[in-house]
Amino acid sequence: MLTAEENATLTQTGPGTPMGKTFRHYWLPALLSRELPAPDCPPVRVKLLGEDFVAFRDSNGQVGIVEPRCPHRGAHLFFGRNEESGLRCAYHGWKFDVAGRCVDAPTATPEVAERLKPRAAIRALRTAEAGDIVWAWFGGAEPPGLPDFEFMAVPESHRFVGKKYQQCNWAQACEGGLDTAHFSYLHAAMSEGEKVGLHLAGVPKAERQGDNEPVRLKRLSWMIDDGAPRFTVLPHAAGMLLCAARTADDDQLYWRMTQFLMPNHSLTPGNLPEDTALANTWMPIDDTSCWIFCYAWHPDRPIRERERERLAAGAGIFAEVDEHYVPIRRRENDYLLDRDAQRTRSFTGIDGISEQDQAIADSQGLIADRTHELLGQTDLGVVRFRQAVLRAAAGVEAGETPLGAADPGAYRVRSGDAVAAHGAAIEDVVHGRFGEFWGKAVQAVAAGG
Amino acid sequence: MLTAEENATLTQTGPGTPMGKTFRHYWLPALLSRELPAPDCPPVRVKLLGEDFVAFRDSNGQVGIVEPRCPHRGAHLFFGRNEESGLRCAYHGWKFDVAGRCVDAPTATPEVAERLKPRAAIRALRTAEAGDIVWAWFGGAEPPGLPDFEFMAVPESHRFVGKKYQQCNWAQACEGGLDTAHFSYLHAAMSEGEKVGLHLAGVPKAERQGDNEPVRLKRLSWMIDDGAPRFTVLPHAAGMLLCAARTADDDQLYWRMTQFLMPNHSLTPGNLPEDTALANTWMPIDDTSCWIFCYAWHPDRPIRERERERLAAGAGIFAEVDEHYVPIRRRENDYLLDRDAQRTRSFTGIDGISEQDQAIADSQGLIADRTHELLGQTDLGVVRFRQAVLRAAAGVEAGETPLGAADPGAYRVRSGDAVAAHGAAIEDVVHGRFGEFWGKAVQAVAAGG
Amino acid sequence: MLTAEENATLTQTGPGTPMGKTFRHYWLPALLSRELPAPDCPPVRVKLLGEDFVAFRDSNGQVGIVEPRCPHRGAHLFFGRNEESGLRCAYHGWKFDVAGRCVDAPTATPEVAERLKPRAAIRALRTAEAGDIVWAWFGGAEPPGLPDFEFMAVPESHRFVGKKYQQCNWAQACEGGLDTAHFSYLHAAMSEGEKVGLHLAGVPKAERQGDNEPVRLKRLSWMIDDGAPRFTVLPHAAGMLLCAARTADDDQLYWRMTQFLMPNHSLTPGNLPEDTALANTWMPIDDTSCWIFCYAWHPDRPIRERERERLAAGAGIFAEVDEHYVPIRRRENDYLLDRDAQRTRSFTGIDGISEQDQAIADSQGLIADRTHELLGQTDLGVVRFRQAVLRAAAGVEAGETPLGAADPGAYRVRSGDAVAAHGAAIEDVVHGRFGEFWGKAVQAVAAGG
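All values reported here derive from a predicted model rather than from experimental measurement.

## Quick look at the packing of aromatic side chains
And step 1. Taken as a whole, this structure holds 45 aromatic pairs over all chains when the rule is applied.
And step 2. A ring pair is formed by F260 of chain B and F385 of chain B, whose centres lie 5.1 Å apart and whose planes are at 85 degrees; its orientation type is edge-to-face. Of this pair, F260 of chain B sits in strand β16 (residues 252-261) while F385 of chain B sits in helix α10 (residues 380-397); the two residues are 125 residues apart in sequence, bridging distant segments of the chain. There is no split in this pair, since F260 of chain B and F385 of chain B are both buried.
And step 3. Ring centres of W27 of chain C and W137 of chain C lie 6.2 Å apart, and the angle between their planes is 40 degrees; this geometry places the pair in the tilted category. Of this pair, W27 of chain C sits in strand β1 (residues 27-32) while W137 of chain C sits in strand β10 (residues 133-137), placing them 110 residues apart in sequence. We note that W27 of chain C, like W137 of chain C, is buried.

So this is what it looks like as structure tokens:
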């Protein structure tokens, strides 16, 4: 539970706000590389952290993300022509490169134009491409290196990325991603009013063999049977590992371990060592909507064609979206909630794991009110997330660099599931599953609480 | 004509407003029973008096109307599962019964849950069903009995009820229902630019016989010919009887007598003793929209199948509505106004008595401005309505119980038409037509003026 | 560049604003005569300068533009019946003539009605029809004569008028009409990334002969080759002539000469002596939308049928509009921008000269921000327009009659193109092209700068 002031700090990311300033210390995903598919392709509108931009890819393939307003008379550069290494305003032909420099001002005489151009530069974000994502740096100072996400390091064939529009504030959507407890409810499959399993993205049959297959088969019933997981939180140099234990068979615990990475990323649990890994970034558009970037990758092999097709169609953390990346099942149409299905087949009656998550986050309101809540032990991940980002925002106000912003290597971590003996030390569970990839410790591993 | 302050008082019914507090002293219709057709059927969203609720029918058939927000993390209970005598939140499975009690909190351990549940109760309105309507009691104290409307006392076969959405403040729509003068204009049928009658709901042929048939045939022309009816207002213990006289034949007067019942009901004129009776409740959704509940009943016989079909299709005070009870002819489409029809067939060019009423009320604005009006003697019913409800609101502010709220029996009244000699005393006209059903007098019958 | 206060003054035209008061000193176009096609035809809603009205044509063909609210109970007169020289309210039959007089109040007794009617008069604008346009006078005092536009003086056969909806403030749309420089860019035709001409409305082949044909053929390339025209501004008694010179062949200059007429009219350049002339009025609906009235006329001959059809279909300054005069290609659909067309055929990828202008004006925002601009010599026309209307508004605040308002004859001017020797005096160019029709001088002809 937060005070109204804390809730405002957590949820507002526009220019000048504490959290807005905090976000602007990090490289952030701005759009998918494929939204700008080729040199000199059409420019697109981009809104991030409450600010409007136009993005374009120049003749050399460089991406520019610039303020949308021509400095001459204020026409919008979305209507501009993207030509010969610059975006040319449709009104009077003034032209700007990816760095925001005015490179042509043809309504002026040549002599006047030379004096004019330096004054006619427009704001441009630093950009970089990695992992099929265009990253943007909003800060004024020299940017750090890109966060060293594993999905950006693997060959292109080993990953698939996408995005989806969410019609509420970023923070409550992100909280949903850190809240493993809801798996026992929101995503449950029903039969005759009884929970019989989970609506999880299926794993291709070809994968269903090996040492972990028994865990894969049993964990659905463990999640259904134990709806009150116990959390242990392990802070590290870029965020924290949230470890949630449920009762498994034979005096064992089933651990689902989620990474939260500052300021707005998570690596999801649910994968076993041989599985495709999944992650998200919850990127504010403004204070009442966000893009959820979705990443799938396999450390060791290409994403198979059939899996790629399923992800593109909206499996798992990916949603079924239209050509604008807006989910087909969304706030306006009550997510095509089917009450018969809710009675007979699923806890929500809404198709799609992602859509179930989006529906429940939207249902908390455009901006969730956190001043009246009844938080319990299963909400510990959510509580620690709030503390971490509010602490970072307070630090930024005090002139500090927030956690992880200057430490790209700290983002080379993994998430996933494990089964261990009931009394096993969390260090052993984590190291057994991830080795060095659980997170660069900034402090001795601490049990959460 | 009201002051701006009086107009605000009249039209605002949200929590804490004077009229809002006044409404909350009465049982009020919340939805149709058939909107919750069976035990454990899908929950529905309900907004009344500016407050959001979720309504559901539990396994025992009891209706709950509860605040829509789960106290755990604020998810909306509309997305919940209605199962085994409770509504279960889709996020983490917390469950609430029709009284708002938390009956399950499965993310907590059993011991924690027992301490948690009492703190997790949510607000629930008292509900009761009568007349195929779900009634709600918003007050904090013990509710009085339900108002003793005749339509709720007759067998189910003898009535038909419905509702329709109105896109303006409740009070101006209610005023339209109390304003018999407009019948001579708004609902007039035209031929070649001349008024030739009224667009009234036809009475089935089978009924067209008996002593009153001459009145039935002539009153249309009386209403057309006399567009300035004279009002006499008779206050009683639940409201007032508004009696409007028009010149009839043979030195007689044609009386149309409307009941206004506190705080937002009317029984319509137009019926003769053998006819189906009609009534409305104007129920605020918020300050710029309302539900109009529509009741048709016959004291002595079932509603015949063909009449029921006509009412369901939108005859008389019923509108032609879509599956959400929104009129097909509405503000956004200018009520499908047909200017050719307006020239040749009807005063408005809008199909439907109800739709004509709704159009003209909407046309006064989302909230009618009553600070500039030119009221005359035909507006006396409207004036007395305003006085009555403003007086009640002032009394509530002073700690009084408003008129009728503690007197359910005072709602057993009737409305209707009569013809009487020009000089007949109003007491005789009223008692001749209604007997004891004109209204429990709180004062000697007083001539209005 | 303006201060924020100047920009507010320029763009706000509601009642009581400085520019609103200035506009109300002039006759202004309210609607097309054909929107009220016959006596007693349906009334229409009209919004102008932030005020709502209902317009109707009475049995005698006179047009009334009246406040929309019936003074009795506030019903909207749009729903009224237009009959026998008056608009009758649909609620209770009160009736108003084109001068706003209440001519019937049938809910009152005859004696009461006679006392009531004078108090029941509603506001009515003075109206006049000329040039197939209904003109309105918002002022309280006695109006001056109608502006003596040539298009209103020619026979009806010689003209065609229309209107189109623009989704931004009037002033930036008007600035676009005064800004000849953008012709070299916004309206350019492309081939393989090179500008090859202009998207101008074609002139029918039958016209393509005579002395001016060489100019007609060459000016497209002159406009493409010289994107930095030089302005000379000639003030006169109703506004100013904006003369823009581009380099032509043989040491000549190609002049495009635009009229700006107070407070919101322009006569467009582009026509040669034998051509159809074109003009616009930018009429504020409110501060974020306007009607652009479009006038085409020929001083000497009828508009030919084929040209009329092309104009009606949206050629040149006319847009392709729906039945409500809203452009088919508009803000909501990004003007059906075709990025392939933008690459291969046109600078914008938007079809239609008018739609290109509308898109770029809309793109400046609902109200253009003029506090950050980089104006150059090609923006001189825009600068002088702002100065003229702001000066008029300041004068009105000081009790003066603004330029042109009391001088109808000063509006009998023309615009158009000419070719002249490089060193020719502007007086000779102007008088050679227009004779007395360039504008009644209020001061010696002055070179702009």
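Once the structure has been displayed, the description carries forward.
## Digging into the relation of the copies chain A and chain C
And step 1. Rotating chain A by 120 degrees and translating it 0.0 Å along the rotation axis places it on chain C, where the RMSD comes to 0.0 Å. These values place the two chain copies in the arrangement generated by a three-fold rotation axis. When each C-alpha of chain A is compared by its distance to the rotation axis, E332 of chain A comes out closest, at 11 Å.

## Considering the interface of chain B and chain A
Quite often, the size of an interface is put as the accessible area lost when its parts meet.
And step 1. Tallying the contact residues gives 28 residues for chain B and 34 residues for chain A.
And step 2. Summed over both partners, the interface of chain B with chain A comes to about 2,600 Å²; 51% of that surface belongs to carbon and sulfur atoms.
And step 3. When the buried surface of chain B facing chain A is broken down by residue, R73, R81 and Y91 of chain B rank first, second and third, together holding 31% of it.
And step 4. The partner of R73 of chain B in a salt bridge is D379 of chain A, and the shortest N-O contact between them spans 3.5 Å.
And step 5. Linking chain B with chain A are 19 residue pairs in polar contact (both at pLDDT 80 or more), by the criterion used here.

## Describing the sheet that holds strand β9 (residues 124-130) of chain B
By way of backbone hydrogen bonds, the strands of a sheet pair with one another, either parallel or antiparallel.
Residue and element names in this part refer to chain B.
And step 1. In space, the six strands of this open sheet follow the order β1-β10-β9-β4-β3-β2, with antiparallel pairing throughout. What marks the edges here is a single partner per strand, and that holds for β1 (27-32) and β2 (44-48). Between one strand axis and the next, the sheet turns by 35 degrees as a mean value, whatever way the strands run.
And step 2. Looking at chain direction, β1 and strand β10 (residues 133-137) are connected through five bridges and run antiparallel.

Scoring rules and cut-offs
- Residues numbered from 1 in each chain as written.
- Chains lettered and ligands numbered in written order.
- Predicted model: local features only at pLDDT ≥ 70, side-chain atom pairs only at ≥ 80, totals over all residues.
- Heavy atoms only, no water.
- Phe/Tyr/Trp six-rings, centres within 6.5 Å; stacked < 30°, edge-to-face > 60°.
- Helix = DSSP H or I, 4+ residues; strand = E, 2+ residues; numbered from the N terminus.
- Buried < 20%, exposed > 50% of the residue type's maximum accessible area, 1.4 Å probe, protein only.
- Least-squares fit on C-alpha atoms with pLDDT ≥ 70 in both.
- Contact = heavy atoms within 4.5 Å.
- Buried area = accessible area lost by both parts, 1.4 Å probe.
- Salt bridge = Lys/Arg side-chain N within 4 Å of Asp/Glu carboxyl O.
- Polar contact = N/O pair within 3.5 Å; in protein donor to acceptor, adjacent residues only side chain to side chain.
- Pairing = 2+ DSSP bridges.
- Axes fitted to C-alpha atoms, helices over the stretch in contact; angles between N-to-C directions.

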